[in-house]
Every structure is written in structure tokens, then in C-alpha cells.
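# Residue-level structure breakdown
Residue strings, one per chain:
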Amino acid sequence: MNNREILSGRLDIGGKELYYEVSGSGPAVILLHGHSVDHRMWDAQFASLATRYQVLRYDLRGYGLSDMPQEGEVYLHAEDLYKVINHLGIKQAHIVGLSLGAFVALDFLYLHPDHVMTVSVASGAIYANEEDETVNNEPFQDAGSAHESQSSRPKRNDPSIQEKVDEWFINLMESCGKYKDEIRDQLWRMIGDWSAWTLRHREPKCLIGPDLARGLRARGVRTPILVIIGSDDSEGSIRSSEKLLHLVPSARRADIADAGHFSNMEQPEVFTNVLELFFEEQEQ
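Residues numbered from 1 in each chain as written. Predicted model: local features only at pLDDT ≥ 70, side-chain atom pairs only at ≥ 80, totals over all residues. Heavy atoms only, no water.

## Focus on the sheet that holds strand β5 (residues 93–98)
Which entries qualify depends on this criterion: Criterion used throughout: strands pair if DSSP finds at least two bridges between them. Secondary structure elements follow DSSP: runs of H or I of four or more residues count as helices, runs of E of two or more count as strands, with numbering from the N terminus. Note on geometry: axes are C-alpha line fits, over the in-contact stretch for helices, and angles between N-to-C directions span 0 to 180 degrees. We call two residues in contact when some of their heavy atoms are within 4.5 Å.
On the basis of which strands lie adjacent, the open sheet formed by 8 strands has the order β1-β2-β4-β3-β5-β6-β7-β8 and mixed pairing. Strands at the two margins of the open sheet, each flanked by one partner only, are β1 (6–12) and β8 (252–256). Each strand of the sheet is rotated relative to its neighbour by a mean of 20°, with strand direction disregarded. Of the pairings in the sheet, the one linking β5 to strand β6 (residues 116–122) comprises 6 bridges and is parallel in character. Considered in β6, the bridge of A93 is made with V116. Its contacts with the sheet place helix α10 (residues 268–283) against β3 (28–32), β5, β6, β7 (225–230) and β8, and it is angled at close to 155° to β6.

Written out as C-alpha cells, the structure is:
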């Protein structure tokens, strides 16, 4: 991290609090993290981009230092983001998302296009199959039947949950590229801190889902979109990214060699440079 001042806090978005950090000044950039990790995955970009931009990163509901969801409640991550930027007075922003964050970014573009300058997505972008309810093979699971009480759910330290977390971490590492060993410890710290809420509860539908592709196709997309693909990412993530490129012909593709699912952590300088060049071109 750099020595720039970081404003941090918790925002009440209507009964739930989300942890956030803001640094820098200039056009706004919002960084949306992936599933099972948190705002810390953006350490390199948060520090670097803050030299020229006002950078916001926060923990999505159910992750990191933010509050957990409640079973049965209705919410969308994209609407949470809308409440966050309203609280912070951000009118428009470059939206950057990786994996789960990419899906949130595109949901936000669909729901609130007037607040979006550009969208940059990595490690997945849109449901590869419009009938599919899985996101990048991430473990958004039904953790039990609807009649079960929340008190019957397994705790985070339950051996069965830890086994799933360990298996998930192994799968993530396998989807990373040449420099995976350099990010292993940082990634494990986030996975180790993960509440695994989605493994222990019935998760509310917090993304638009397959309807998003149909909506974007019907409306058309004029907002500049950048699709970042790590050469060593999983087939599912690459297929998802390529579907967005097919859906939005004006979208730009940027390939990062020797990078996998966490391309921003594996190749931080390359990833940041790709973003900055894209931002600069759109701001001219």
C-alpha cells in the first residue's frame, strides 16, 4: 500500500452495514471483489490507481468485514452498490469487477447505466448458458431445505465446512497461472477469513442471473466495456468472458499471459496498466 490517506468506514444501506475504503482523488473507480475473497484482493490496484483516481473498494454483503445476509431476504449486490455510491456522493465511475465482481458490475450497468463511465470485467462476465444458475463454477449452494432453521446450519469451524473450503482453495489455485505460488499466502489469508456463509445457508438470489444477457441484448450496450482474460483461467471463466464479447461486439478484449483466475494479483502491474490505458482512452 502507499502512504496516501485512506478513508474507511461502514455504511448502513438499510439494516445492513458494508465495510468500505476510499483513497485518492479524480474520476471515480470502483473495485468489486470475487467470491470467497474480499476487498484485500485489490491491494495493488487500490494503491496504484489512487495516484490518479478516487478509488473505492468495499466488501460485498456476506463477505469480509461487511454484514452477512439473512436467509429469505431479497437483495441484489448491484443495488447495494447503488446505495454505497449515493452515500459517498459518487455520480459516475469506472466499474471494475473480477469473477463475482464482474457479474455485479454488469448487473449495475444494466440497472444504473447513467452512473457508469466504463465497465471492466475479468475472470468471467456473464452466464455462459442462459439457463445456467452457476457463476464461474463458484460454490453458490443450497445448504439445506427451506424448512430447516438457521440454528441448524453448520458453523464455520465445522469440519465438513472446512473440508469444502479447503477443496475450494485447491480449485482456485488450479485456476491460477504461472505465478500462483506468489499469491498463495495472500489468497489463503482471505479464504481463511471467509465466513463461508454461502456454504452454510440458503443464499438469496443476489444477481440478476441469466435474464441479464437477454436484457442487455434487447436494450443494446453503448457503455465502453473491457474484457480481461487470463490465459490460464478456467474454461468456464473464459467461456463466460467470450460470451460477453459476442453479446457486445464493441467490447474490447485484453489477454494477460501467464495469468489465471486472479489475474489482478498474479500480474498486478500488467493488469493495472491495461485498466489505466482503457480509462485514459475513454476520458479523452
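## Quick notes on the pattern of salt bridges
Quick note on the threshold: Salt bridges are defined as contacts in which a side-chain nitrogen from Lys or Arg sits within 4 Å of a carboxyl oxygen from Asp or Glu. Exposure is judged per residue with a 1.4 Å probe applied to protein chains only, and the accessible area is read against the type maximum: over 50% gives exposed, under 20% gives buried, and values in between give partly exposed.
The tally for this structure, following the rule as stated, stands at 14 salt bridges. Close ionic contact of R10 with D67 constitutes a salt bridge, the shortest N to O distance being 2.8 Å. With R10 in strand β1 and D67 in the loop between β4 (54–58) and α2 (77–88), this residue pair connects regions lying 57 residues apart in the sequence. Accessibility expressed as a relative area gives 38% for R10, which makes it partly exposed. With a closest N to O distance of 3.2 Å, D181 and R184 form a salt bridge. Taken together, the residues D181 and R184, both in helix α5 (residues 180–193) and 3 residues apart, mark about one turn of the helix.

## Points about helix α3 (residues 100–111)
Let me state the cut-off plainly: Take the number of residues in a helix, subtract one, and multiply by 1.5 Å to get its expected span.
With 12 residues, α3 should reach 16 Å at 1.5 Å per residue; the first-to-last C-alpha distance of 17 Å fits that figure. A large share of α3 lies buried, amounting to 10 of its 12 residues.

## Re helix α4 (residues 159–174)
Test applied: Here the arc refers to the directions that run from the helix axis out to each C-beta atom.
Spanning 16 residues, α4 covers 23 Å between terminal C-alpha atoms, matching the ideal 22 Å at 1.5 Å per step. Those residues of α4 lying buried are I161, V165, W168, F169, L172 and M173. The buried residues of α4 all sit within an arc of 135° when viewed along its axis, so they share a single face. Among the exposed residues of α4, those pointing more than 90 degrees away from its buried face are P159, E163 and E174. Those residues of α4 that are buried are in contact with α5 and α6 (197–200).

## So, the packing of α4 against α5
Let me state the cut-off plainly: Roughly parallel means an angle under 35 degrees; roughly antiparallel, over 145; roughly perpendicular, 65 to 115; everything else is oblique. Crossings are sorted by hand: turned counterclockwise from the far helix by less than a right angle, the near helix makes the crossing left-handed, and turned clockwise it makes it right-handed. Polarity classes work like this: nonpolar for Ala, Val, Leu, Ile, Met, Phe, Trp, Tyr, Cys and Pro, charged for Asp, Glu, Lys and Arg, and polar for all others, with Gly in that last group.
Where α4 meets α5, the axes come as close as 11 Å, and the angle between the chain directions of the two elements is 150°. Judged on the interaxial angle alone, α5 and α4 are roughly antiparallel. For the element pair α4 and α5, the recorded crossing hand is right-handed. For the pair α4 and α5, the contacting residues are Q162, V165, D166, W168, F169, L172, M173 and E174 in the first and K180, R184, L187, W188 and I191 in the second. For the contact of α4 with α5, the residue count by class is 8 nonpolar, 1 polar and 4 charged.

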